[in-house]
Amino acid sequence: MDAKHVKPETIAAQALGWIDDKTRAITPPIHVSSTYLRDPDNQYRSGRAYARADNPAFDQAEHVMAELEHGAQAALFASGMAAATAVFQALAPGDHVLAPKVMYWSLRNWLMNFATPWGLKVELIEMTDPAAVHAAVQPGKTKLVWVETPANPLWTVTDIAATAAIAHGAGARLAVDSTVATPVLTRPIEHGADIVMHAGTKYLNGHSDLIAGVLVTRHDDEFWKRVKTVRAQIGGTLGSFEAWLLLRGMRTLYLRVRCASNSAQRIAEHFARHALVSAVLYPGLTGSPDHTVAARQMRGGFGGMLSIRVRDGEAAAIATAAHVALWKRATSLGGTESLIEHRASVEGAGTPAPPDLLRLSVGIEDCDDLIADLEQALQRAHG
Ligand SMILES: Cc1ncc(COP(=O)(O)O)c(C=O)c1O
């Protein structure tokens, strides 16, 4: 397939048109070998030596992701966390990095409890405010600016282009956790990002049945080589079966994300006017403080994630989650089934999630069914 002349929907649906040269199979096999034969003259002309570093099971999924994100290369990882932490571990102790106050909580915890003792100078800032980024970057010292947009669990939106300009002006790279936007709605490299990160666990796979991570780089440069060395040496390597499942999931990415995003918009608009809901956090709402930037940066929708604040506080929020029948009370996001969770209970001390907040991951079920179920749960919780 000539990826330059077809739309991303076609690239994803056909996994770049892969055909097996020998068998003419249209889906790739699962390579399980942990090691590769050395040539008699002591060379490895296949380019592969050991499966902790590389695996042919990754090739097609990595090529598809590089095309969808308009990057130079992609790399699969054992989890979203393995992918994200590889970027920070490719830096050197003493390097200054900026990360958002509002971000995926496990990564924030790792930055404070592991990366900081290791030697990174981590500063958490209001990443949605370009003036705050400008004030915090230290030219020559800041090596990485980390953005998550839309960001867990408040779905705040960061202007990637504006932040990239500030980062680059200070000599830093910009990395974007684009798990929630997916390449369907935003391609961060087009806005100036150097690295894009995805928890492949979520929308890319889309079926809540694997843990995976992906990085995509704008340039195949020295830093990218270090990131891949971190993967190979620490062993944050995806399994062959998981790589195969991920590629299968990605074939329906565009359908699933558009469906979830359309439903999330409807659900947000419905509950924004609801007597038992004090606020809906969703960048697709015209009243959202993030709407202008989101409308400029996101194409064709605002994603499948939103949060609602339940009137009458934490107990009412937890009771609402207790009374749903269709929504599943579970963490994670981006699957076919809709999930609901009391986010402060998950994140614990220091969470930016208010106690009355329920995080919703909208799936691909009938949207009226989802609204009706949440409606009855809110009524019963306040009954
Ligand atoms: C936005 C975001 N980034 C990263 C991660 C980490 O991904 P994983 O659970 O695959 O390690 C998650 C997981 O919830 C996430 O929501």
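Everything discussed here concerns the structure shown above.
For clarity, every value in this text was computed on a predicted model and none was experimentally measured.

Considering the sheet that holds strand E11 (residues 339-342)
Strand pairs in the sheet, formed through backbone hydrogen bonds, run parallel or antiparallel to each other.
Turning to step 1, where the next piece is worked out: Spatially, E8-E9-E12-E11-E10 is the arrangement adopted by the five strands of the open sheet, whose pairing is mixed. Both outer strands of the open sheet, strand E8 (277-281) and strand E10 (328-329), are each paired with one neighbouring strand and no more.
Turning to step 2, where the next piece is worked out: Pairing of strand E9 (residues 305-310) with strand E12 (residues 357-361) involves five bridges; the strand directions are antiparallel. Each residue of the ladder has a partner; that of Met305, found in E12, is Ser361.
Turning to step 3, where the next piece is worked out: With respect to the sheet, helix H10 (residues 253-272) is in contact with E8 and E9, its orientation differing from that of E8 by roughly 150 degrees.
Turning to step 4, where the next piece is worked out: Against the sheet, helix H12 (residues 314-323) contacts E9, E10, E11 and E12, and its axis sits at roughly 155 degrees relative to E11.

Considering the pattern of salt bridges
Turning to step 1, where the next piece is worked out: Summed over the entire model, instances satisfying the criterion amount to 17 salt bridges.
Turning to step 2, where the next piece is worked out: The partner of Arg108 in a salt bridge is Glu347, with the nearest N and O atoms 3.7 Å apart. With Arg108 in helix H4 (residues 105-118) and Glu347 in helix H13 (residues 343-347), the pair connects residues that are 239 residues apart, well separated along the chain. Neither Arg108 nor Glu347 differs from the other in exposure class; each is buried.
Turning to step 3, where the next piece is worked out: The salt bridge partner of Glu347 is Arg343, with a shortest N-O separation of 2.8 Å. With a gap of four residues between them, Glu347 and Arg343 both fall in helix H13, about one helical turn apart.
Turning to step 4, where the next piece is worked out: Judged by its relative accessible area of 6%, Glu347 falls in the buried class.
Turning to step 5, where the next piece is worked out: Overall, the relative accessible area of 1% leaves Arg343 in the buried class.

Here's the deal with the site of the ligand
Turning to step 1, where the next piece is worked out: Near the ligand lie 15 residues; those nearest to it are Gly80, Met81, Asp177, Thr201 and Lys202.
Turning to step 2, where the next piece is worked out: Between the ligand and the protein, one listed contact pairs an oxygen atom with a side-chain N or O atom of Thr201 at 2.5 Å.
Turning to step 3, where the next piece is worked out: Counting only elements with at least two residues in the shell around the ligand, the list comes to helix H3 (80-89) and strand E6 (195-199).
Turning to step 4, where the next piece is worked out: Classifying every residue of the shell around the ligand by side-chain character gives seven nonpolar, five polar and three charged.

Regarding the sheet that holds E6
Turning to step 1, where the next piece is worked out: Strand order in the open sheet formed by seven strands is E1-E7-E6-E5-E4-E2-E3, and the pairing between neighbours is mixed. Of all the strands in the sheet, just strand E1 (73-77) and strand E3 (121-125) have a single pairing partner and so form its edges. Adjacent strand axes in the sheet meet at a mean angle of 20 degrees, parallel and antiparallel pairs treated alike.
Turning to step 2, where the next piece is worked out: The pairing of strand E5 (residues 173-177) with E6 spans three bridges and is classified as parallel. Its bridge partner lying in E6, Asp177 is registered against Met197.
Turning to step 3, where the next piece is worked out: Taken strand by strand, helix H2 (residues 56-68) contacts E1, E6 and strand E7 (213-217), and its axis lies near 130 degrees from that of E1.
Turning to step 4, where the next piece is worked out: Along the sheet face, helix H8 (residues 222-235) touches E1, E5, E6 and E7 and points at about 20 degrees away from the line of E1.

Considering the nonpolar core
Turning to step 1, where the next piece is worked out: If you look at the biggest cluster of nonpolar residues, it comprises 69 residues, and the most contacted ones within it are Leu246, Ile267, Val280, Leu306, Ile308 and Trp327.
Turning to step 2, where the next piece is worked out: Beyond its immediate sequence surroundings of up to four residues, Ile308 is in contact with Val277, Ala279, Val280, Asp356, Leu357, Leu358, Leu360 and Leu374.
Turning to step 3, where the next piece is worked out: Counting 30 residues, the second-largest nonpolar core is a separate cluster that includes Ala82, Phe88, Leu111 and Met197.

Observations concerning the environment of Leu98
Turning to step 1, where the next piece is worked out: Of note, Leu98 is situated in strand E2 (residues 96-100).
Turning to step 2, where the next piece is worked out: Taking the C-alpha atoms as reference, Leu98 lies 16 Å from Met197; in sequence the two are 99 residues apart.
Turning to step 3, where the next piece is worked out: Not counting residues up to four positions away in its chain, the partners in contact with Leu98 are Glu123, Ile125, Met127, Val133, Ala136, Val137, Thr142, Leu144, Val145 and Trp146.

Some details on unusual backbone geometry
Turning to step 1, where the next piece is worked out: The linkage connecting Thr149 with the following residue, Pro150, adopts the cis geometry, with an omega of -15 degrees.
Turning to step 2, where the next piece is worked out: Inspection of the secondary structure puts Pro150 in the loop between strand E4 (142-148) and helix H6 (160-169).
Turning to step 3, where the next piece is worked out: Between Asn152 and the following residue, Pro153, the backbone shows a cis peptide bond with an omega angle of -15 degrees.
Turning to step 4, where the next piece is worked out: Within the secondary structure, Pro153 sits in the loop between E4 and H6.
Turning to step 5, where the next piece is worked out: The backbone of Ser208 sits at a positive phi, close to 50 degrees, despite the residue not being glycine.
Turning to step 6, where the next piece is worked out: With respect to the element layout, Ser208 can be found in the loop between E6 and E7.
Turning to step 7, where the next piece is worked out: The phi dihedral of Asp312 falls on the positive side, at around 85 degrees, and the residue is not glycine.
Turning to step 8, where the next piece is worked out: Tracing the sequence through the fold places Asp312 in the loop between E9 and H12.

Quick word on a nonpolar patch on the surface
Turning to step 1, where the next piece is worked out: A surface patch of nonpolar side chains, amounting to about 290 Å² of accessible area, comprises Ile30, Val32 and Phe241.
Turning to step 2, where the next piece is worked out: Turning to its location among the elements, Ile30 is positioned in the loop between helix H1 (8-13) and H2.

Parameters and conventions
Residues numbered from 1 in each chain as written. Predicted model: local features only at pLDDT ≥ 70, side-chain atom pairs only at ≥ 80, totals over all residues. Heavy atoms only, no water. Pairing = 2+ DSSP bridges. Helix = DSSP H or I, 4+ residues; strand = E, 2+ residues; numbered from the N terminus. Contact = heavy atoms within 4.5 Å. Axes fitted to C-alpha atoms, helices over the stretch in contact; angles between N-to-C directions. Salt bridge = Lys/Arg side-chain N within 4 Å of Asp/Glu carboxyl O. Buried < 20%, exposed > 50% of the residue type's maximum accessible area, 1.4 Å probe, protein only. Near = heavy atom within 4 Å. Polar contact = N/O pair within 3.5 Å; in protein donor to acceptor, adjacent residues only side chain to side chain. Nonpolar A, V, L, I, M, F, W, Y, C, P; charged D, E, K, R; others polar. Core = buried A, V, L, I, M, F, W, Y, C linked by side-chain atoms within 4.5 Å. Patch = residues over 30% accessible without salt bridge, like charges linked within 9 Å, V, L, I, M, F, W, Y side chains within 5 Å. Areas by Shrake-Rupley, 256 points an atom, 1.4 Å probe, with all protein chains shown as cover.

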